[in-house]
Protein chains: 2
Amino acid sequence: MTEMRTLKVALLGCGNVGAQVARILIEDADALAARTGARLELSGIAVRNVNSKRDVELPQELFTTDAETLVKDADLVIELMGGIEPARTLILSALTNGACVVTGNKALLAQDGPTLYEAADKAGVQLSFEAAVAGAIPILRPIRDSLSGDRITRVLGIVNGTTNFILDQMDSTGAQFADALAEAQRLGYAEADPTADVEGHDAAAKAAILATLSFHTRFALENVHCEGITSVTAADIAAAKDAGFVIKLLAIAEKLTAGGTETDGKDGVSVRVHPTLLPREHPLAAVRGAFNAVFIEAENAGELMFYGQGAGGTPTASAVLGDLVSAARRLVLGGPQRTETTTGHVPALPIDASVTSYYIGLDVADQPGVLARIAQLFAGNGVSIETMRQTIHRDADSNVESAELRIVTHRASEAALAATVEAVKGLDVINSVTSVLRVEGV
Amino acid sequence: MTEMRTLKVALLGCGNVGAQVARILIEDADALAARTGARLELSGIAVRNVNSKRDVELPQELFTTDAETLVKDADLVIELMGGIEPARTLILSALTNGACVVTGNKALLAQDGPTLYEAADKAGVQLSFEAAVAGAIPILRPIRDSLSGDRITRVLGIVNGTTNFILDQMDSTGAQFADALAEAQRLGYAEADPTADVEGHDAAAKAAILATLSFHTRFALENVHCEGITSVTAADIAAAKDAGFVIKLLAIAEKLTAGGTETDGKDGVSVRVHPTLLPREHPLAAVRGAFNAVFIEAENAGELMFYGQGAGGTPTASAVLGDLVSAARRLVLGGPQRTETTTGHVPALPIDASVTSYYIGLDVADQPGVLARIAQLFAGNGVSIETMRQTIHRDADSNVESAELRIVTHRASEAALAATVEAVKGLDVINSVTSVLRVEGV
């Protein structure tokens, strides 16, 4: 057997995921060498405090606070510190030195991806980040490689486990948002400060990355319209359930081709995150608990779905290691590297230009002619109604009747739908608009 | 803009998939050039009869019967003729000439994969075959690349759309096998001679390929235990449904570690295809109609599932094009190529060594003590019973009572289970063994 080359691996950060990556690099050293053709030597772990308690027992001598020096001497750098700085500077320094970089830093990629991609291209090294979207699920590589000969038209992703767990709890137990959030926090699925998850910011960063790879055009966080799940009520969930839907927080990236009024004549990509009604028979509807899944529609491949664990130290470490082995193989084989193709220049469309169906819940006066007036108003705004369902409630004490109206529209532009909802609010027969939610998959 | 290199693409075969590949190569030439950095020029299509009617209108001058000459002059060869010869000779000739080869030929790969892999390694060119397993679903590349830093422990695949359609029809309508098959033939999901599909041969070839890539060891068709679905009855399906299961034809590859009696002390991989009971809440249970899905369990990643269309000209063409773009990118970038790592040498285990649960349906005499005798017999063979359920039937005319007994066992070795079933048949209180089916996912 020939002497095997050794590649030095620098690990930046040793949290939940980092500690598992370090453990696997040490425990599975032989298997990884067999896969790559080189020994992957963990040369050090840069942390803020070398004495912090870790999830995994690791050799104390590996720890250092001097990330800069560690990076200078590495063939492969794994960045799992999170946050913008010093992660950004360290990654750029590694790329400039000719090291391949593996990162799971979705916030940094969504905010400053283009700078990183360019630095990697310029240095001719690989920058990979499978762990940044949907944890363990191989999704970025299939989009970049397997679907490279196809045209993706639409991506719908459940990419945040915390919010999927909360919505699933609400759906299965009837709980209110606050109670489901508390349960998620108790079980470790939500952080003490859940803002980044429940407001959709985490999903928005992932949406930007998915859109960038799917449409070969660089999209940043500012191109993503973002709505979280804090205003989703138990009543919304119950009404959706009753109508055969489930509510999921989806990261959506879809190509809209010029089509007259609907897209306002513009060609482009709509990237957005919002609570969405999905038919219960849709493959994404079966994604329960904290699991993630990405549903892709492509011109030739048709419908594809990728399902798995979206978070957790060990599952996410699997994605990091996959990227690492792939980068190491390229280093062993030699030859130039390439990250991704972003040769397209499809503009990001504002939320107004997106085209969806709406679910609208209305509390209306129980008077003759109300349905006709509402239907007329929708038609006048160019929005076609798919289904309209009325339920009468009688208050036992006051004996006053009220009516609940549930409307699902056909696909129409966001602008037309928003105008319709505004106009509906102005009708004297409307007591209140109880919910307005977008619908996909119908 | 710099002058773009042109790569010559030879297409062998112009059936269902081939015609779509040719169409996309012509129609999407600009997009493919943008993705690869080279123009992919379809230099010719080798067919048996240049005047045959095709699914797609293609330039007549592309057609030739001289596959050998076409291959000699190509940078990239796409083999979609199927069958063993002349496909095998043409692929070897292409590889030896230094061309990258993309094929969807599962039969050839399962029978003679090692010869092809070695020829590709020796020539330093890429041999890829995403289309050979689960059509449009990117599954082989994720196994080879994304999961290369993990250890796959188990693969369960619905990899044959015809049989999944038939079983789904039987499950949803209560139809017998013959009627569901006729319906599948009427709709074009099954061929006039359905043997390769319904006997499990097609799934077995795919199981061999999945096992080879998942366990880094070369498995051939002869290592795969294969049972089809022709003996699955409407009664089996109904009983399974009643007990909360669905019957799927699964391609299974799983690692069994030495564990005493259960695996007979042997370490290895069990590769098999057979009708299998799955709990209805298992992600694979929701795979309906002719769709395919592959469920993977890995040590670090946990559970993953890949879902999509397993057949059809256009979806399968998407997988072929993905491989083609990937190979072309490598040619453009230069540097050596590498196919897959098969450095492991895990032996293929015989079916006797596999470990599963069993579902056993028995028609028994309704006498006191019968349940106890059966339970004792299972215990005596080292098979532990998970659930046992008895239903009494009374024939209205004869007034004779009979009892139906449904048993689900805990996991035990195939050998122990087979011995138990044999022993049960010998009991005088057993009228008949109505079904014996393996269970996974519990």
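The residue count restarts for each chain, going from 1 along the sequence in the order it is written. Note on labels: chains are lettered from A, ligands numbered from 1, in written order. Residue-level local features of this predicted model are given only where pLDDT is at least 70; pairs of side-chain atoms are given and counted only at 80 or more, and the full residue set underlies all totals for whole chains, interfaces and linings. Based on all heavy atoms of the structure, the side-chain values leave hydrogens and waters out of the count.

Visitor: Sorry, what's going on with the overall build of chain A here?
Guide: The helix count covers DSSP runs of H or I at least four residues long, the strand count covers runs of E at least two residues long, and both are numbered beginning at the N terminus. Scanning chain A from N- to C-terminus turns up 14 helices and 18 strands. For the radius of gyration, the atoms used are the C-alpha atoms, and the globule rule reads 2.2 Å times the number of residues raised to 0.38. For chain A, whose C-alpha radius of gyration is 25 Å, the value lies close to the compact-globule estimate of 22 Å for 442 residues. Oriented by its inertia axes, the alpha-carbon framework of chain A measures out at about 85 × 45 × 35 Å. Here's how the labels work: a residue is buried when its accessible area is under 20% of the maximum for its type, exposed when over 50%, partly exposed in between, all with a 1.4 Å probe on protein chains only. Counting across all 442 residues of chain A, residues that qualify as buried make up 58%. By definition, residues are in contact when any of their heavy atoms lie within 4.5 Å. In chain A, 73% of the contacts between residues at least 6 apart in sequence involve partners at least 24 apart.

Visitor: Please explain the UniProt feature "binding site: NADP(+)" (unreviewed entry) in chain A as it appears in this structure.
Guide: Residue and element names in this part refer to chain A. UniProt positions are given in the numbering used here, feature names are shortened, and annotations may be inferred rather than shown by experiment. Mapped onto the present numbering, the UniProt feature "binding site: NADP(+)" (unreviewed entry) falls on L12, G13, C14, G15, N16, V17, G18 and A19. When you line up the elements, G13 lands in the loop between β1 (5-12) and α1 (16-27). Given the relative accessible area of 10%, G13 is considered buried. Within the fold, G18 resides in helix α1. If we ignore the near neighbours within four places in the chain, the residues touching G18 are L11, G13 and L80.

Visitor: Please explain the interface of chain B and chain A as it appears in this structure.
Guide: A common way to report how large an interface is uses the accessible area buried once the components associate. Each partner contributes residues to the interface: chain B has 51 residues there, and chain A has 51 residues. Summed over both partners, the accessible area lost on bringing two parts together, with a 1.4 Å probe, is the buried area. Around 4,300 Å² of area is buried between chain B and chain A when both sides are counted, 52% of it from carbon and sulfur atoms. Ranking the residues of chain B by area buried against chain A places R35(B), N300(B) and Y307(B) at the top, with a combined share of 15%. Criterion for a salt bridge: a side-chain nitrogen of Lys or Arg within 4 Å of a carboxyl oxygen of Asp or Glu. Seen at the junction of chain B and chain A, the total is four salt bridges. As a salt-bridge pair, D145(B) and R329(A) come within 3.2 Å of each other at their nearest N and O atoms. The definition of a polar contact used here is a pair of N or O atoms within 3.5 Å, where within protein one atom must be able to donate a hydrogen and the other to accept one, and adjacent residues in sequence count solely through side-chain atom pairs. Summed over the shared surface of chain B and chain A, the number is twelve residue pairs in polar contact (both at pLDDT 80 or more). Within the residue set of the side of chain B that touches chain A, elements represented by two or more residues are α1 (16-27), α2 (29-36), α6 (140-146), β12 (302-309) and α12 (313-333) of chain B. In terms of residue count, α12(B) provides more of the side of chain B that touches chain A than any other element does, ten residues in total. Strands pair, by our definition, only if DSSP identifies at least two bridges between them. Sheet topology note: the strand β12 (residues 302-309) of chain A/β12(B) ladder contains five bridges and is antiparallel. Paired with G308(A) across the bridge in β12(B) is L304(B).

Visitor: Sorry, what's going on with the environment of E61(A) here?
Guide: All names here are of chain A. Residue placement: E61 occurs in the loop between β2 (38-46) and β3 (63-64). Residue class for E61 comes out exposed when judged on its relative accessible area of 66%. Counting along the chain gives 17 residues from E61 to G44, while the straight-line C-alpha distance between them is 8.1 Å.

Visitor: Can you help me understand the UniProt feature "binding site: L-homoserine" (unreviewed entry) in chain A in this one?
Guide: Look at the UniProt record and you will see "binding site: L-homoserine" (unreviewed entry) annotated at E191(A). A relative accessible area of 55% places E191(A) in the exposed class.

Visitor: What's the story with the pairing of strand β5 (residues 100-103) of chain A in this structure? I'm lost.
Guide: Each regular strand carries side chains that alternate between the two faces of the sheet. Residue and element names in this part refer to chain A. With burial as the criterion, each face of β5 is covered, one bearing C100 and V102 and the other bearing V101 and T103. Direction of pairing for strand β4 (residues 76-79) relative to β5: parallel, over a ladder of four bridges. Residue pairing across strands places I78 opposite V102, the latter belonging to β5. Think of it like this: strands point away, you trace from the first strand over the helix to the second, and a clockwise trace means the crossover is right-handed. Since β4 and β5 lie parallel, the crossover through helix α4 (residues 87-96) that links them has a hand, and here it is right-handed. The pairing of β5 with strand β6 (residues 127-128) spans two bridges and is classified as parallel. Along β6, the bridge assignment pairs V101 with L127.

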